Amino acid sequence: MVSPIETVLASVIRLNVQPSRDGSPKRHQPLTLLWAIGRAVRGEERMAEWPEVKRKVAGLIRQFGRAGDAATPHYPFFALRNTPLWELSETPPEEGTRHLTWLNSADPAIRGGFRPAIHDLLTRSRDAADLVVDQLLHDYFDGVDEAALLGAVGLTDTAAARRDFTGALTYEATVARRGEQAMLRRLLIRGGARCALCGAELPERLLVAAHIKRRTDCDERERRDLDNVAMLACTLGCDSLYEHGYIKISDDGLVELSPELASHPDLHDRASRLAGRPVAVWQDSSRGYFAWHATNVFRRQARDESCQDR
Ligand SMILES: [Zn+2]
């Protein structure tokens, strides 16, 4: 069972976009999606009239498209219907390129927009909308003035929230990582503000999104496997114990202590209450990530081995 937010993110990641003159992916579809997300967040009608889409999206392409890209909103308006995200109010009269001419010359009364379940999700959940915006910005808008772009699609709140956690609006690698941490945390906290390892229900500020498999060792697909690659861990000890390999989650989903704790009695005291706890986030879809941690991070030796200390 795939959740609607996963459907949206997966579709965004798999958007079939043409390369621009310099080889980078065109922004026609991403811009159309951002514009439609703005509409959903403002509670506007799901389907938009073609003449309006044409005017707005053409403006966005001119302002935020790649250098040399033509302002051709009819391409994304049609192309997006091949994704699970988008639909049109009627089938274009003909396939091929002639329907593009029809669309552009006659301004027919056709409307386009997100499919109902997607529009509902984005209207209902600001977290979901922000996640999709994050993904789009990350994948398609390197080097763009984000505040200006988000302002142009009516997502000024999102721009402000992003400034809060980035301190700047440039989208450099470190900033992208912090953005990802914030978005992961939001996603995870939706399931309840509870540490996955000790089970404590805590103020959100004491919980972080911890990568089950070390982030730098994840490939691109794994990094985006948001529902499975991360868990909430508390900053009161669980996050550090896991990150430094003093505990692992065994293949039956239980917390196991490192034998190395024998040489650190005080640390052992703190970790011992976790021993044998079942970890709710352990499931078939995340077991591979826990197994990676058990093999590569967990301290298997009884003695403190400096070679593992990195
Ligand atoms: Zn904890």
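Thresholds, definitions, all that
- Residues numbered from 1 in each chain as written.
- Predicted model: local features only at pLDDT ≥ 70, side-chain atom pairs only at ≥ 80, totals over all residues.
- Heavy atoms only, no water.
- Helix = DSSP H or I, 4+ residues; strand = E, 2+ residues; numbered from the N terminus.
- Buried < 20%, exposed > 50% of the residue type's maximum accessible area, 1.4 Å probe, protein only.
- Contact = heavy atoms within 4.5 Å.
- Phe/Tyr/Trp six-rings, centres within 6.5 Å; stacked < 30°, edge-to-face > 60°.
- Pairing = 2+ DSSP bridges.
- Axes fitted to C-alpha atoms, helices over the stretch in contact; angles between N-to-C directions.
- Core = buried A, V, L, I, M, F, W, Y, C linked by side-chain atoms within 4.5 Å.
- Donors = N, O, S within 2.8 Å, 3.2 Å for Na, K, Ca; no water.
- Tetrahedral: all angles 85-135°; square planar, octahedral: opposite > 155°, others 65-115°.
- pLDDT = per-residue confidence, 0-100.
- Parallel < 35°, antiparallel > 145°, perpendicular 65-115°, else oblique.
- Left-handed = near helix turned anticlockwise from the far one by under 90°.
- Nonpolar A, V, L, I, M, F, W, Y, C, P; charged D, E, K, R; others polar.

### A short note on the overall build of the protein
The helix and strand tally for the protein stands at 15 helices and seven strands. Put simply, the protein has 310 residues, and 48% of those count as buried. Pairs at least 24 residues apart make up 67% of the contacts formed inside the protein by residues separated by at least 6 positions.

### With respect to the environment of I189
By secondary structure assignment, the location of I189 is in helix α10 (residues 173–189). A residue is classified by how much of its surface remains accessible, and I189, at 13% relative accessible area, is buried. Those residues in contact with I189 that lie beyond four places of it in its chain are E204 and L232.

### Brief notes about the packing of aromatic side chains
All told, the structure shown has four aromatic pairs when counted by the stated rule. An angle of 55° between the planes, with centres 6.1 Å apart, marks the rings of F77 and F78 as tilted. Each member of the pair, F77 as well as F78, carries the same accessibility label: buried. Ring geometry for Y242 against F290: centres 6.4 Å apart, planes inclined by 85°, an arrangement best described as edge-to-face.

### Description of the sheet that holds strand β3 (residues 111–114)
Strand order in this open sheet of three strands is β1-β3-β2, and the pairing throughout is antiparallel. The open sheet is flanked by β1 (48–49) and β2 (86–88), the only strands paired with a single partner. Contacting β1, β2 and β3, helix α2 (residues 28–41) crosses the sheet at an angle of about 80° to β3.

### Things to note about the nonpolar core
Ranked by size, the top nonpolar core spans 83 residues in total, and within it I37, F114, V132 and L197 carry the most contacts. Of the residues forming this core, the biggest block, eight residues, is contributed by helix α7 (residues 126–140). Discounting residues that sit within four places of it in the chain, I37 has contacts with F114, L122, A129, V132, V133, L136 and L155.

### Brief notes about the coordination of the zinc ion
Distances from the zinc ion to its protein donors, namely C195 (SG), C198 (SG), C234 (SG) and C238 (SG), fall within the range 2.3 to 2.4 Å. Considering all four donor atoms around the zinc ion, angles at the metal cover 103 to 123° and the coordination shape is tetrahedral.

### Looking at the confidence of the model for the protein
Per-residue confidence for the protein gives a mean pLDDT of 84, with 87% of residues at or over 70. In the predicted structure, residues 163–175 sits below a pLDDT of 50 and forms 19 contacts with residues beyond four places in sequence or in another chain.

### Considering the pairing of strand β4 (residues 207–211)
Regular strands place side chains that alternate from one sheet face to the opposite one. In terms of burial, β4 is a largely internal element, four of the five residues being buried. Here five bridges tie β4 to strand β5 (residues 230–234), and the two strands are oriented antiparallel to one another. In the strand pairing of β5, A210 is matched with M231.

### Comments concerning the environment of L88
You can see L88 is positioned in strand β2. Overall, the relative accessible area of 15% leaves L88 in the buried class. In the structure, L88 is positioned 27 residues away from R115 in sequence and 8.9 Å away in space, judged by C-alpha atoms.

### Some details on the packing of α2 against helix α3 (residues 50–64)
Following both chains from N to C, one finds α2 and α3 inclined at 125°, their axes separated by 10 Å at the closest point. In this view, α2 runs oblique relative to α3, as classed from their interaxial angle. For the pair α2 and α3, the crossing hand works out as right-handed. Every residue of α3 that contacts α2 at H28, L31, T32, W35 and R39 is listed here: E52, V53, K56, V57, L60, I61 and F64. Grouping the constituent residues of the contact of α2 with α3 by class yields seven nonpolar, two polar and three charged.

### Let's talk about the side chain of D130
For D130, the location among the structural elements is in helix α7. For D130, a relative accessible area of 12% gives the class buried. The residues contacting D130, other than those within four sequence positions of it, are T158 and R186.

### Considerations on the packing of helix α1 (residues 4–13) against α7
Orientation of α1 relative to α7, taken along the N-to-C sense of each, is 15°, at an axis distance of 10 Å. Taken together, α1 and α7 sit at an angle that is classed as roughly parallel. When the axes of α1 and α7 are compared, the crossing they make is right-handed. Each of I5, V8, L9, V12 and I13 in α1 lies in contact with α7, whose residues at this interface are A128, L131, V132, Q135, L136, D139 and Y140. Looking at the contact of α1 with α7 residue by residue, the class counts come to ten nonpolar, one polar and one charged.

### What to know about the environment of A70
In this structure, A70 sits in the loop between α3 and α4 (74–79). Given the relative accessible area of 45%, A70 is considered partly exposed. In this structure the C-alpha to C-alpha distance between A70 and S20, which are 50 residues apart in sequence, comes to 10.0 Å. Excluding anything up to four places from it in sequence, A70 contacts H28 and I61.

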